[in-house]
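Below, each chain spelled out in residue letters.
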Amino acid sequence: MSDLGFNKIAGAVLATGLAIVGLTELSSIVFKSEPPAKPGYAVEIAAEESAGGAAVELPIDWGTELPKADVAAGEAVAKKCQSCHDFASGGPNMTGPNLFGVLGRKPASHGGFAYSAGMSDFAGKHPQWDYETINTFVTAPQKDVAGTKMTFVGLKKREDRINLIAYLHTLGSTLSIPAPNPAAAAAPAPAAGDKAAPADAKAADGKAEAKPADAKAAGEAKAGETKTAEAKPADAKTAAPAAKK
Ligand code: HEC
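As the structure is a computational prediction, the values presented were derived from the model and not from experiment.

Novice: How would you explain the coordination of the iron atom of the ligand if you had to name every residue and give the values?
Specialist: Protein coordination of the iron atom of the ligand is provided by His85 (NE2) and Met150 (SD), with donor distances spanning 1.9 to 2.1 Å. Geometry at the iron atom of the ligand is octahedral, judged from the 6 donor atoms that bind it and their angles of 87 to 179 degrees at the metal. Here Met150 lies in the loop between helix 7 (141-144) and helix 8 (158-169) and His85 lies in the loop between helix 4 (71-77) and helix 5 (117-125), a separation of 65 residues in the sequence. The buried category is assigned to His85, whose relative accessible area is 10%.

Spelled out as structure tokens, the structure:
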């Protein structure tokens, strides 16, 4: 009786096992499962986007940047201006006006120089050349001051401009250096510093997107980093039937 009971149970187990194997085989025939070309999820991290984000000009906090700027490097940058500008105190006007003491000076006001109408108009809207005004002008002169006769392509590198302006500040500037105001640059600052996680940079790119986007992007970053671990859910589904073949 007990032997018979055991046989029945063993038979049932065997039958169940066979049924499972049969079903698996059958399902692998019915639902043909192709192993993925690349195991795991393809996590798209837009690397170029973070590069694009870096290209966006962040506001310059002059109180922070000027004291640590490289004045000697700025003097070297100023060589690009010297074909047209003299920088010495009491120096001559050349193709462009003398630039000694230009920081704090009213635009288009240097004696003995015939400024363009464009620069004179500009002077009506900007009472003086302050750090930001010169920075914007020198970045792309023709774009900033329509009709200027300064035919200079502009300084694209932020660092060059900061160093140059620090150098100009040593030449009879009447401006004072403002107190550091990191708050002004605080919002975008983490984006520049946090280069570690690419997805992070992407999230920071959309500055205003704040937390939710950040969390999502961070999750993606994790998935990207731990590819093998993340591959499991996809693997389990597709690999199991394949393995039984
Ligand atoms: C190809 C010649 C040329 C070069 C190079 C050049 N400038 Fe000029 N710059 C001019 C001329 C011309 C003007 C007068 C613009 C006008 O009247 O529209 C001028 C005007 C200026 C002014 C306004 C001065 C004022 O009195 O209002 C500033 C500031 C200035 N240049 C800075 C620079 C700096 C900094 C560089 C180098 C990075 C530079 N320039 C390179 C020709 C040049």
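Novice: Describe in detail the layout of surface pockets, supporting the description with residues and values.
Specialist: Empty space within the largest pocket amounts to approximately 520 Å³. Along the walls of the largest pocket sit 31 residues, with His85, Pro97, Leu99, Phe137 and Met150 positioned nearest its centre. Sorting the residues of the lining of the largest pocket by element identifies helix 6 (131-139) and helix 8 as the ones contributing at least two each. It is helix 6 that contributes the most residues to the lining of the largest pocket, 3 residues altogether. Its residues assigned to classes, the lining of the largest pocket shows 19 nonpolar, 8 polar and 4 charged.

Novice: I'd like a rundown of the packing of aromatic side chains, residues and numbers included.
Specialist: In total, this model carries 5 aromatic pairs according to the counting rule given. Each ring, one from Phe87 and one from Tyr167, has its centre 6.1 Å from the other, and the planes form 50 degrees; the classification is tilted. Of this pair, Phe87 sits in the loop between helix 4 and helix 5 while Tyr167 sits in helix 8, placing them 80 residues apart in sequence. Per residue, the accessibility class of Phe87 equals that of Tyr167, and both read buried. Grouping aromatic residues by their ring pairs yields a cluster made of Phe122, Trp129 and Phe137.

Novice: Can you explain the site of the ligand? Please cite residues and give values.
Specialist: Taken together, the neighbourhood of the ligand is formed by 28 residues, with Cys81, Cys84, His85, Ser116 and Met150 sitting nearest. Within the backbone of Ala108, a nitrogen or oxygen atom sits 2.9 Å from an oxygen atom of the ligand. The side chain of Tyr115 places a nitrogen or oxygen atom 2.6 Å from an oxygen atom of the ligand. More than half of the atoms belonging to the ligand lie within 2 Å of the grid points that define the largest pocket. The element best represented in the shell around the ligand is helix 6, accounting for 3 residues. Partitioning the shell around the ligand into residue classes produces 18 nonpolar, 7 polar and 3 charged.

Novice: Provide a residue-level description of the side chain of Ser173, including the pertinent values.
Specialist: Within the fold, Ser173 resides in the loop between helix 8 and helix 9 (182-186). With relative accessibility at 18%, the residue Ser173 sits in the buried group. A polar side-chain atom of Ser173 sits 3.0 Å from a polar atom in the side chain of His169. If sequence neighbours within four positions are ignored, Ser173 has contacts with Gly101, Leu103 and Leu168.

Here is what the cut-offs are and how they apply
- Residues numbered from 1 in each chain as written.
- Predicted model: local features only at pLDDT ≥ 70, side-chain atom pairs only at ≥ 80, totals over all residues.
- Heavy atoms only, no water.
- Donors = N, O, S within 2.8 Å, 3.2 Å for Na, K, Ca; no water.
- Tetrahedral: all angles 85-135°; square planar, octahedral: opposite > 155°, others 65-115°.
- Helix = DSSP H or I, 4+ residues; strand = E, 2+ residues; numbered from the N terminus.
- Buried < 20%, exposed > 50% of the residue type's maximum accessible area, 1.4 Å probe, protein only.
- 1 Å grid on protein atoms, 1.4 Å probe; cavity = no way out; pocket = protein on both sides within 12 Å on 5 of 7 lines; lining within 4 Å.
- Points joined across faces, edges and corners; volume = space filled by probe spheres on them.
- Nonpolar A, V, L, I, M, F, W, Y, C, P; charged D, E, K, R; others polar.
- Phe/Tyr/Trp six-rings, centres within 6.5 Å; stacked < 30°, edge-to-face > 60°.
- Near = heavy atom within 4 Å.
- Polar contact = N/O pair within 3.5 Å; in protein donor to acceptor, adjacent residues only side chain to side chain.
- Sits in = over half its atoms within 2 Å of the grid points.
- Contact = heavy atoms within 4.5 Å.

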